[in-house]
Amino acid sequence: PIDGGVGVVLGAGNQWVITILDALHLLITENRLPILKMNPINEHIGPVAEKILAPFIERSFAAIVYGASEQGAHLVKHTGVSAVHMTGSVKTYDAIMWGGAERKASLAEPLCSKVVTAELGCVTPYIICPGKWTDSDMQYHARNVVSALVHNASHNCNAV
């Protein structure tokens, strides 16, 4: 397993429960101590997240913090943090990696040398395997694809 120290999860604003899964992934799969920064849009859900993660928080295996982009930037730049996971826009990703999209082209190397993983909106594949599909089956799947694209303007990493 990765012996990775502390990892920050910059929580998404649209699917707060995924931030819990991301924190658990860092803890269990990557052997990192997660700090989950709630998105200001859903920080009112923080007490629920704290209850869910209580067994880990009580043992100092996880933490939940609150704040806006300034607090997120502080965590990302903190020397005690070895990894960052974010769900959000490419604008946020470029700010973390390059200091903004406008600086990206002029830099040979990213500013952030930490492990950074990102879910940048809905890029979920929808695969229909060959088979004996009826017109009704195909109509059903077509509706699912369309509904996934229009739900939350396709800004769901779990849209399909």
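Refer to the structure presented above.
Overview of the structure. (Residues numbered from 1 in each chain as written. Predicted model: local features only at pLDDT ≥ 70, side-chain atom pairs only at ≥ 80, totals over all residues. Heavy atoms only, no water.)

1. A closer look at the overall build of the protein chain
Right, so step 1: Across its full length, the protein chain carries seven helices and five strands.
Right, so step 2: Going from the N terminus to the C terminus, the protein chain shows its helices and strands as β-α-β-α-α-β-α-β-α-α-β-α.
Right, so step 3: Of all 160 residues assigned to the protein chain, the portion counted as buried reaches 34%.
Right, so step 4: For the protein chain, the computed accessible surface area is about 9,700 Å², with 62% contributed by carbon and sulfur atoms. (Helix = DSSP H or I, 4+ residues; strand = E, 2+ residues; numbered from the N terminus. Buried < 20%, exposed > 50% of the residue type's maximum accessible area, 1.4 Å probe, protein only. Areas by Shrake-Rupley, 256 points an atom, 1.4 Å probe, with all protein chains shown as cover.)

2. Side note on the side chain of Asp 94
Right, so step 1: Structurally, Asp 94 can be placed in helix H5 (residues 90-98).
Right, so step 2: Apart from residues no more than four positions distant in its own chain, Asp 94 is found in contact with Gly 99, Gly 100, Ala 101 and Lys 104. (Contact = heavy atoms within 4.5 Å.)

3. Observations regarding the pattern of salt bridges
Right, so step 1: Across all of its chains, the model carries two salt bridges by this definition.
Right, so step 2: Here Glu 30 ties to Arg 32 by a salt bridge, and the two come within 2.8 Å at their closest N and O atoms. An identical accessibility class is assigned to Glu 30 and Arg 32; each is buried.
Right, so step 3: Two residues, Asp 94 and Lys 104, come together in a salt bridge whose shortest N-O distance is 3.5 Å. Highlighted residues: Asp 94 in helix H5 and Lys 104 in helix H6 (residues 101-104), separated in sequence by 10 residues.
Right, so step 4: The buried category is assigned to Asp 94, whose relative accessible area is 6%. (Salt bridge = Lys/Arg side-chain N within 4 Å of Asp/Glu carboxyl O.)

4. Here we look at H5
Right, so step 1: Restricting attention to buried positions, one finds in H5 the residues Asp 94, Ile 96, Met 97 and Trp 98. Relative to the axis of H5, the buried residues are bounded by an arc of 165° and lie together on one face.
Right, so step 2: Buried positions along H5 lie against strand E1 (6-10), helix H4 (69-77), strand E4 (81-87), H6 and strand E5 (115-119).
Right, so step 3: Backbone geometry just downstream of H5 places Gly 99 in the positive-phi region, at approximately 80°. (Arc of directions from axis to C-beta.)

5. Considerations on the environment of Leu 10
Right, so step 1: Relative to the helices and strands, Leu 10 resides in strand E1.
Right, so step 2: Using a relative accessible area of 12% as the deciding quantity, one classes Leu 10 as buried.
Right, so step 3: When sequence neighbours within four positions are dropped, the list of residues in contact with Leu 10 reads Lys 37, Gly 72, Val 76, Val 84, His 85, Met 86, Thr 87 and Ile 96.

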